[in-house]
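Single-letter residue listing:
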Amino acid sequence: MDSVLSRPERDVDYVPDTVTRSVKLLVAGNFGVGKTTFVNSLSEIKPLRTEETITEASVGVDDMAGLPGKSQTTVAMDFGRITLNPELALYLFGTPGQKRFVPLWEELARGALGALVLVDTRRIEKADEVLSVLEERGVSYSVAVNQFEGAKRYPLEEIRDALDLAPGTPLTSLDARNRSTCLRSMITLVEFLFHRQESRR
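Residues numbered from 1 in each chain as written. Predicted model: local features only at pLDDT ≥ 70, side-chain atom pairs only at ≥ 80, totals over all residues. Heavy atoms only, no water.

1. Some thoughts on the overall build of the chain
Piece 1. The number of helices and strands found in the chain is six helices and eight strands.
Piece 2. Reading the helices (α) and strands (β) of the chain from amino to carboxyl end gives α-β-α-β-β-β-β-α-β-α-β-α-β-α.
Piece 3. Considering only contacts within the chain whose residues lie at least 6 apart along the sequence, 75% involve residues at least 24 apart.
Piece 4. Of the roughly 10400 Å² that the chain leaves accessible, carbon and sulfur atoms contribute 50%. (Helix = DSSP H or I, 4+ residues; strand = E, 2+ residues; numbered from the N terminus. Contact = heavy atoms within 4.5 Å. Areas by Shrake-Rupley, 256 points an atom, 1.4 Å probe, with all protein chains shown as cover.)

2. A word on the pattern of salt bridges
Piece 1. Counted according to the given criterion, the structure contains seven salt bridges.
Piece 2. A salt bridge links Asp120 to Arg122, with the nearest nitrogen and oxygen atoms 2.9 Å apart.
Piece 3. Overall, Asp120 belongs to the buried group, its relative accessible area being 1%.
Piece 4. On the basis of relative accessibility, which here comes to 40%, the residue Arg122 falls in the partly exposed class.
Piece 5. Several salt bridges converge on common partners, so that one network encompasses Glu149, Asp175 and Arg177. (Salt bridge = Lys/Arg side-chain N within 4 Å of Asp/Glu carboxyl O. Buried < 20%, exposed > 50% of the residue type's maximum accessible area, 1.4 Å probe, protein only.)

3. A word on the sheet that holds strand β1 (residues 21-29)
Piece 1. Reading across from one edge, β4-β5-β1-β6-β7-β8 is the order of the six strands in this open sheet, with mixed pairing throughout. The sheet is open, and its two borders are formed by β4 (78-85) and β8 (171-174), each paired with just one other strand. Across this sheet, the average inter-strand angle for adjacent strands is 25°, counted without regard to direction.
Piece 2. Taken together, the five bridges between β1 and strand β6 (residues 114-119) define a ladder with parallel strand orientation. If you follow Leu25 over to β6, its bridge partner there is Gly114.
Piece 3. Running at roughly 40° to β4, helix α2 (residues 35-42) makes contact with β1, β4, β5 (88-94), β6 and β8 of the sheet.
Piece 4. Along the sheet face, helix α5 (residues 156-163) touches β6, β7 (141-146) and β8 and points at about 120° away from the line of β8. (Pairing = 2+ DSSP bridges. Axes fitted to C-alpha atoms, helices over the stretch in contact; angles between N-to-C directions.)

4. Some points on unusual backbone geometry
Piece 1. Positive phi outside glycine occurs at Asp164, with the angle close to 55°.
Piece 2. Examined against the element boundaries, Asp164 turns out to sit in the loop between α5 and β8.
Piece 3. Note on Asp164: relative accessible area 68%, which makes it exposed.

Set out below in structure tokens:
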């Protein structure tokens, strides 16, 4: 893992020959929760981003409450890659956050081993819809609290109760701008998913 943490810049644009397994993962969450920032922080390649400027057409459609500085939004997906170890590559697909993109979430979920769901404690009730969509589609997930600057900090157990998470669902915290905290949450998700696979065999 040290090589992943210490990589100074994105100088890898190919999959190493040592990689024998690849995994598709979703990075999900409601509008403005930090998915694009997360993928950008973690990806070892230049991420594919599909952001567009928020216009007046979104007034009354997108809930901008609590997001005064947000000027762009993802309209298709974010895409990145990280080689977690010499044998394993993770392909990250960040979903758009607005409800009208639910059909796209469903398409992006095809073939995904699981999802990391980002939540914002300032708008925690917005996470329910995303969690429900994943549960309805049978997508396993873990949850990570994006600790926004200036937002009140809550114990993780309180957040678990507020989200009504199952006891075995991993819950971590991160700063989407900080690569090492993003990596820890991603490793937690991957370990959880692989253990679930093993237990089903």
